[in-house]
Amino acid sequence: MERLPGGRRPRLVSSLGLGRRSWEVTLDEERGRLAWRDPRPPRRAGENCFVPISEIISVEETELNKKQRNIGKWQKMTKLHAFTVYYVKKARNHRWRCSDVTFWCVDEHLCNQWIQALKELLEMQKSRPKQLLVYINPYGGKRQGKRIYEQKVAPLFSLASISTDVVITEHANHAKDNLFEVNIYKYDGVVCVGGDGMFSEVMHGLVGRIQKDSGIDQNNPKASLVQCNIRIGIIPAGSTDCICYSTVGISDPVTSALHIIVGDCQPLDVSSVHHNNMFLKYSVSLLGYGFYGDILKDSEKKRWMGPMRYDYSGFKTFLSHHYYEGTIAYQPAKHTLGSPRDKDSCRTGCYICKKSEQQLAEQHKDCGLKHEEGEEEWKVIKGKFLAINAVNMSCACPRSPKGLSPAAHLADGSADLILVRKCSRFDFLRYLVRHTNQDDQFDFPFVDVYRVKSFQFTSKLSEDNESNVMDIGKKRFGQFCRDHPACCCNIVNSTWNCDGETLDSSAIEVRVHCQLMKLFARGIEENCKDEAAYSQNSAEQLL
Ligand SMILES: CCCCCCCCCCCCC/C=C/[C@@H](O)[C@H](CO)NC(=O)CCCCCCCCCCCCCCC
Ligand SMILES: Nc1ncnc2c1ncn2[C@@H]1O[C@H](COP(=O)(O)OP(=O)(O)OP(=O)(O)O)[C@@H](O)[C@H]1O
Ligand SMILES: [Ca+2]
């Protein structure tokens, strides 16, 4: 389609057959959509539909099959030419499906003109990936990764003409190590088929590789890390799939494959975790000490149970009711507009995340002339905690659709630090149950939540050991609680749960890196009227 005078984008309007009838079909570049409407007077008209060009998957010339050919008496005499448009159809609960519509006409030239115009427009969608590197964990979740990829995802990638190099992992860290060896720069993205643990592996490989190639020392907790622009796509096939659920709104392989195909881009905050100037891990979802650390540690021994292991270990850990003493120092996130008690949550196009993106761009322009983080105030809290959770995102998942911190933002450069102090089992249960209903889980006197950009944690035990390592009495009676021997107080350390993997150190230093990486996602879309989208009955909406 050629440009119209005044730079206006052109429209291609034709009368094309769809089923048994003739429809007015418009390819409107100005409005970025393909629309088809029944030209009969409104009272007799059928549905009017449109699809944004950005959500068209592909277009193909089609041979009409027997059923489709039975469209009218006279058409049987003439050769018909047809093309099929495959597009994203939005269903309930953020689920996406691949739908298609076939148009026909007798004029071969017109049919080719439509195919060419649509293909040209698809070519112009520059954010779409053409070549992907795919890692499949065959043992994640219910061990369905390979089947899910082959049956549900690969056919869609091939429909969208995406070429792939597929690696089925043979051991843990296979994907991570591989990402340090391959030429990652020839790919438009990396896809991981598995759960949060598999995503974490791929993220460590990719982010780590970029730092290595840029000469950044990951062991330096103050290093300015280099942003990774190669997007990661998650095909959920794990046990929790919290990262997928929190960034797409559902954990569904077909929906995620379609977000990859249309080339969505969602920046994501990443926290770096250090111990004594040594890099331990990155985290994007949950860094949990106490309750979630203990669940993870116990559940690792029960991997054979599959996703059920978390419920089993969750129940056990709930009954054990251990609490842990320690000190937390944190720097409040003053740069961000939101607060963890906000009623609104992070959604597609979130203005709070956009604001952080602008601030980040300004910081990059100033080349670090901004004030040093170390100079900003630290707040210190000592106490006995059942759980210490730091989340970079809501951590919504099928178990808790609103997540651990419903108002946390995907890309605002901050994490929500949730401190659950020692309380009764009954109160802790009330707190847990609120993750599954509409009530506010922060509205308890024993729960505090802060939006932070960095924090440090030291357990009482390591503080004591550091201050008096030679105290033999302490070592000897270390396993008993000095204050009240019969209580649940645990003076052995808990473990940090870092996105579903355990950390070896309990004393850690954490810093949030704003938008360090990008996903093939768009955040959770607002449930708007447009959702029924592409099948409106009112002509006014279309015109
Ligand atoms: C009474 C029902 C209360 C239900 C409360 C549900 C809260 C669920 C919150 C889930 C938060 C997930 C955070 C995501 C963490 C991921 O980076 C990580 C890697 O995949 N997953 C886990 O660590 C896996 C963590 C799995 C956590 C499962 C927690 C299950 C708790 C069960 C408590 C039962 C108490 C029953 C008492 C009668
Ligand atoms: N071939 C393999 N054999 C054994 N372990 C593997 C293999 N490939 C990957 N892994 C490891 O398996 C771990 C768990 O995988 P994954 O995250 O896919 O599933 P999950 O733990 O069931 O789900 P979730 O993380 O959502 O709870 C990952 O940390 C990854 O390092
Ligand atoms: Ca965040």
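Conventions and cut-offs
Residues numbered from 1 in each chain as written. Chains lettered and ligands numbered in written order. Predicted model: local features only at pLDDT ≥ 70, side-chain atom pairs only at ≥ 80, totals over all residues. Heavy atoms only, no water. Helix = DSSP H or I, 4+ residues; strand = E, 2+ residues; numbered from the N terminus. Near = heavy atom within 4 Å. Polar contact = N/O pair within 3.5 Å; in protein donor to acceptor, adjacent residues only side chain to side chain. Areas by Shrake-Rupley, 256 points an atom, 1.4 Å probe, with all protein chains shown as cover. Domains from an automatic or database assignment. Donors = N, O, S within 2.8 Å, 3.2 Å for Na, K, Ca; no water. Buried < 20%, exposed > 50% of the residue type's maximum accessible area, 1.4 Å probe, protein only. Pairing = 2+ DSSP bridges. Right-handed = clockwise from strand over helix to strand, strands pointing away. UniProt positions renumbered as here; feature names shortened; annotations may be inferred. Disulfide = S-S within 2.5 Å. Salt bridge = Lys/Arg side-chain N within 4 Å of Asp/Glu carboxyl O. Nonpolar A, V, L, I, M, F, W, Y, C, P; charged D, E, K, R; others polar. Phe/Tyr/Trp six-rings, centres within 6.5 Å; stacked < 30°, edge-to-face > 60°. Lys NZ or Arg CZ within 6 Å of the ring centre and 35° of its normal.

A.B. asks: I would appreciate a short explanation of the environment of S200 in the present structure.
C.D. replies: Position of S200 among the secondary structure elements: in helix α5 (residues 196-213). It is 7.9 Å that separates the C-alpha atoms of S200 and Y282, two residues lying 82 residues apart in sequence.

A.B. asks: Would you explain the site of ligand 1 in this entry?
C.D. replies: Inspection of the region around ligand 1 gives 21 residues, with D196, T240, S285, N497 and G500 positioned closest. Between T240 and ligand 1, the recorded distance is 3.2 Å, taken from a side-chain N or O atom to an oxygen atom. One of the side-chain nitrogen or oxygen atoms of N497 is found 2.8 Å away from an oxygen atom of ligand 1. Protein chains bury 84% of the 850 Å² of accessible surface belonging to ligand 1 in isolation. Per element, the largest residue contribution to the shell around ligand 1 is four residues, and it comes from helix α9 (residues 309-320). The residues that make up the shell around ligand 1 include at least three from each of domain 2 (127-265 + 520-543) and domain 3 (287-341 + 381-512).

A.B. asks: Before we go on, may I ask you to explain the coordination of the calcium ion (ligand 3) in this structure?
C.D. replies: For a metal bound by four donors in a tetrahedral arrangement, the ideal donor-metal-donor angle is 109.5 degrees, while six donors in an octahedral arrangement ideally sit at 90 or 180 degrees. Bound to the calcium ion (ligand 3) on the protein side are D269 (OD), N392 (O), H409 (O), D412 (OD) and S414 (O), at distances that span 2.2 to 2.7 Å. Between the donor residues of the calcium ion (ligand 3), the gaps in sequence give the motif D-x122-N-x16-H-x2-D-x1-S. With D269 in strand β12 (residues 266-275) and N392 in the loop between β16 (379-391) and β17 (415-421), this pair connects stretches of sequence that are 123 residues apart. Taking relative accessible area as the criterion, D269 reaches 0% and is therefore assigned buried. Exposure remark for N392: the relative accessible area of 2% places this residue in the buried category.

A.B. asks: What am I meant to see in the pairing of strand β10 (residues 189-194) here?
C.D. replies: The side chains of a regular strand alternate, residue by residue, between the two faces of the sheet. With six of six residues buried, β10 is to be regarded as a mostly interior element. Of the two faces of β10, both are covered, the one formed by G189, V191 and V193 as well as the one formed by V190, C192 and G194. Taken together, the five bridges between strand β8 (residues 131-136) and β10 define a ladder with parallel strand orientation. If you follow I136 over to β10, its bridge partner there is V193. Here six bridges tie β10 to strand β11 (residues 231-236), and the two strands are oriented parallel to one another. When the bridges of β11 are listed, V193 appears paired with I235. With respect to chirality, the unit in which β10 leads through α5 into the neighbouring parallel β11 is right-handed.

A.B. asks: Sorry if this is basic, but what is going on with the UniProt feature "domain: DAGKc" (unreviewed entry) in the chain here?
C.D. replies: The feature "domain: DAGKc" (unreviewed entry), as annotated in UniProt, sits at residues 127-277 in this numbering. The span residues 127-277 is 36% helical and 23% strand by assignment, and the distance between its end C-alpha atoms comes to 38 Å.

A.B. asks: Explain helix α7 (residues 253-261) to me, please; I cannot follow it from the model alone.
C.D. replies: Residues three or four positions apart in an α-helix share a direction because the helix packs 3.6 residues into each turn. Of all nine residues in α7, nine are buried, a share of seventy percent or more. G263 occupies a position one or two residues after α7 and carries a positive phi of about 75 degrees.

A.B. asks: Would you mind going over the environment of N173 with me for this structure?
C.D. replies: For N173, the position within the fold is in the loop between β9 (163-168) and α4 (174-179). As for N173 and G205, which are separated by 32 residues in sequence, their C-alpha atoms are 8.8 Å apart.

A.B. asks: Is there a simple way to explain the state of the cysteines in this structure?
C.D. replies: For the coordinates displayed, the defined rule picks out zero disulfides. No disulfide involves C192; its sulfur sits 9.2 Å from the nearest other cysteine sulfur, which is in C244. You can call C192 buried: its relative accessible area is 0%. With no disulfide of its own, C228 lies 11 Å from the sulfur of C265, the closest cysteine sulfur. C228 gets classed as buried once you look at its relative accessible area, which sits at 1%.

A.B. asks: Hey, could you run me through the pattern of salt bridges in this one?
C.D. replies: Side chains that differ in charge, positive against negative, can pair when their charged atoms come close. All chains considered together, the criterion is met by 25 salt bridges. Measuring nitrogen to oxygen at the nearest pair gives 3.0 Å for the salt bridge that ties R97 to D252. With R97 in strand β7 (residues 96-105) and D252 in the loop between α6 (242-248) and α7, the pair connects residues that are 155 residues apart, well separated along the chain. Put simply, R522 and D264 hold a salt bridge, and the shortest N to O gap is 2.8 Å. Of this pair, R522 sits in the loop between β21 (508-519) and α14 (539-542) while D264 sits in the loop between α7 and β12, placing them 258 residues apart in sequence. Each member of the pair, R522 as well as D264, is classed as buried.

A.B. asks: What is the right way to look at the site of ligand 2 in this model?
C.D. replies: By nearness alone, 23 residues border ligand 2, and T169, G195, G197, E201 and S239 come closest of all. Here an oxygen atom of ligand 2 sits 2.4 Å away from a polar atom, N or O, in the side chain of E201. Between ligand 2 and D241, the relevant distance is 3.3 Å, taken from an oxygen atom to a main-chain nitrogen or oxygen of the residue. Compared with its free state, where it exposes 630 Å², ligand 2 has 88% of that area covered by protein. For the shell around ligand 2, the secondary structure elements donating two or more residues are α5 and α9. The biggest single contributor to the shell around ligand 2 is α5, with four residues. Broken down by class, the residue content of the shell around ligand 2 amounts to five nonpolar, 11 polar and seven charged. There are two domains that each give the shell around ligand 2 at least three residues, and those are domain 2 (127-265 + 520-543) and domain 3 (287-341 + 381-512).

A.B. asks: Can you help me understand the packing of aromatic side chains in this one?
C.D. replies: The way to describe two aromatic rings as a pair is by their centre distance and the angle between their planes. With the rule as written, the count across this model stands at 18 aromatic pairs. Ring geometry for F83 versus F103: centroids 5.6 Å apart, planes at 45 degrees, classification tilted. With F83 in strand β6 (residues 81-90) and F103 in strand β7, this pair connects stretches of sequence that are 20 residues apart. What makes F83 buried here is its relative accessible area of 1%. Ring geometry for Y149 and F157: centres 6.2 Å apart, planes at 65 degrees, overall edge-to-face. A single burial state applies to Y149 and to F157, both of which are buried. The structure contains a cluster of three or more aromatic residues connected by ring pairs, namely F291, Y292, F318, F428, Y431, F444 and F446. Here the guanidinium or amino end of R33 rests over the ring plane of F50, the centre of that ring lying 4.3 Å away. The ring of Y310 carries the charged tip of R309 above its face, separated from the ring centre by 4.4 Å.

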